[in-house]
Amino acid sequence: MTSIPFNKPYMTGSELTHITRAVELGNITGDGHFTAECSRLLESRYDIARVLLTPSCTAALEISAMLLNLRSGDEVILPSYTFVSTANAFVRLGARPVFVDIREDTLNIDETKIEAAITERTKMICAVHYAGVACEMDSIMRIADDHGISVLEDAAQGVHAEYRGRALGSIAPLGAYSFHATKNYTCGEGGALCINDPELIDRAEIIREKGTNRNQFLRGDVDKYTWVDVGSSYVPSEISSAFLFGQLEHLDAIAERRKEIYERYESLLQPVADNGHFSLPCIPADCRSNYHMFYIVLKDQSVRDQLIDNLRQNGISAVFHYIPLHSSLMGESFGYQHGDLPITESVSTRLVRLPFYFELSTDDQQYCCEKISEFFKR
Ligand SMILES: *Cc1c(COP(=O)(O)O)cnc(C)c1O
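Criteria and thresholds
- Going along each chain's sequence as written, the residues are numbered from 1 onward.
- Reporting in this predicted model follows two pLDDT cut-offs: at least 70 for local features of residues, and 80 or more for side-chain atom pairs to be given and counted; totals over whole chains, interfaces and linings ignore these cut-offs and use all residues.
- Excluded from the side-chain calculations are hydrogens and water; all other atoms, namely the structure's heavy atoms, are used.
- Throughout this document, a residue counts as near a molecule or strand when at least one of its heavy atoms sits within 4 Å of that molecule or strand.
- Pairing of N or O atoms within 3.5 Å defines a polar contact, subject to two protein rules: one partner must be a possible hydrogen donor and the other a possible acceptor, and residues neighboring in sequence count only if both atoms are side-chain atoms.
- In the scheme used here, Gly and all other residues not listed as nonpolar or charged are polar, with Ala, Val, Leu, Ile, Met, Phe, Trp, Tyr, Cys and Pro taken as nonpolar and Asp, Glu, Lys and Arg as charged.
- Here the rule is simple: two strands pair whenever DSSP picks up at least two bridges between them.
- Note on conventions: DSSP H or I runs of at least 4 residues are helices, E runs of at least 2 residues are strands, and numbering of each starts at the N terminus.
- Every axis corresponds to a line fitted to the C-alpha atoms, with the helix fit spanning only the stretch in contact, and the corresponding angles, defined between N-to-C directions, vary from 0 to 180 degrees.
- Should any heavy atoms of two residues lie within 4.5 Å, those residues are counted as being in contact.
- Residue ranges for the domains trace back to a domain assignment, done automatically or taken from a database.
- By buried area we mean the combined loss of accessible area, with a 1.4 Å probe, across both parts when two parts are placed together.

Here the focus is the site of the ligand. The local shell around the ligand holds 15 residues, among which Thr58, Asp154, Gln157, Ser178 and Lys183 are the closest. Take Thr58: an N or O atom from its side chain is 2.5 Å from an oxygen atom of the ligand. One nitrogen or oxygen atom from the side chain of Lys183 is found 3.2 Å from an oxygen atom belonging to the ligand. Across the shell around the ligand, the residue classes break down as 5 nonpolar, 8 polar and 2 charged.

Put into structure tokens, the structure is as follows:
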């Protein structure tokens, strides 16, 4: 019986070597050799002033919210079609999420609808790069500049992707990466805060290190360390960083493989898409994708649910996401209701993500596409 999972974290083979090395070095707390190596690699590859590894992307978003001093009454503009952490990081400080609908092509926040959502309480726009395809960052940065508000890139899915030649996470003052097991590069649970505004670096280090200036102390900038600000425990263990380094060393090989898988899906499914059964993902000319996922958008929810069911019976695990945040219990508590964001609501009932992982074999991928074609021939 065929069994094709939806995701399978890829191990490059050097993770255990690095973990052994971390243990031998004798320091398994954070900010040791491997944490520094990962930060340096990401800073230089993606041209980011400072990268701070965190235990998750959620943690990096939380640090960002603290850095911007978000508080009760503030508003943050974000898409509703995203993972819950994008909102919670701000909501937990009392900020109000202001949801903006998405573009039909990239499923990213519709930059033409942002300006109408800005009020005098707006502190920030959170640009979520869905599926590793960039938001229209030039417009978003311009709108933010015009209104004196900040921008944060939720680049959880965007590591190694680009917008007009710039890495996602390197464009706004702040960005957040995820190294969760479902992402392209992983250490199980992990993330990073990307800081592009050098003025935010010192305070970000302090917030990440429990509100102390321990990082300055370790560098010899101060002769003792002490409590200086709000903060929490946002430093990952060296064990995690050692694992992650084993993945980041293979950035290009992993990216190359994902590109192949994506392009094979595209060519195998194009004929079925051309028959009008579904649409394929769109990568605008000024974006370079990291091929985080492959999805198709069907005509309606009933076909979508039948397809998922049919694939499951054939041993293929295909999944959907997201329940729009504005349609959730929490979303309703902020006064949102059904009908507020029509494109978000429509896409969320029609999208299916197909199995996508480094070790997905060509045979298995062909099998998935055959089953999809057969489904539409019934
Ligand atoms: C995965 C994801 C997150 C959360 O990442 P964690 O590392 O699990 O905290 C946040 N935002 C988006 C858009 C994501 O896809």
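What follows picks up the thread again.
Before going further, it helps to spend a moment on the sheet that holds strand 2 (residues 75-79). Strand order in the open sheet formed by 7 strands is 1-9-8-5-4-2-3, and the pairing between neighbours is mixed. Pairing within the sheet leaves two strands with one partner each, and these edge strands are strand 1 (50-54) and strand 3 (96-100). Neighbour-to-neighbour, the strand axes of this sheet turn through a mean angle of 20 degrees, independent of strand direction. The strands that helix 2 (residues 33-46) touches are strand 1 and strand 8 (174-178); relative to strand 1, the one it contacts most, it runs at about 135 degrees. This element, helix 6 (residues 201-208), spans strand 1 and strand 9 (191-195) of the sheet and lies at about 10 degrees to strand 1.

The omega torsion across His321 and Tyr322 is -20 degrees, close enough to zero to call that bond cis. In this fold, Tyr322 is placed in the loop between helix 10 (301-313) and helix 11 (329-333). For Ala131, which is not glycine, the phi dihedral falls at a positive 60 degrees. Summarising the element assignment, Ala131 is placed in the loop between strand 4 (122-128) and helix 5 (137-147). A positive phi is found at Arg164, a non-glycine position, where the angle reads about 45 degrees. Relative to the elements of secondary structure, Arg164 occurs in the loop between strand 6 (162-163) and strand 7 (166-167).

According to the domain assignment, the protein contains domain 1 (15-248) and domain 2 (251-377). Here the C-alpha centroids of domain 1 and domain 2 sit 26 Å apart. Taken together, the contact between domain 1 and domain 2 spans 45 residues of the former and 32 residues of the latter. For the pair domain 1 and domain 2, the two sides together bury roughly 3,500 Å², of which 57% comes from carbon and sulfur. Taken as a group, Tyr81, Phe99 and Asn184 account for 18% of the area that domain 1 buries against domain 2, more than any other trio of residues on that side.

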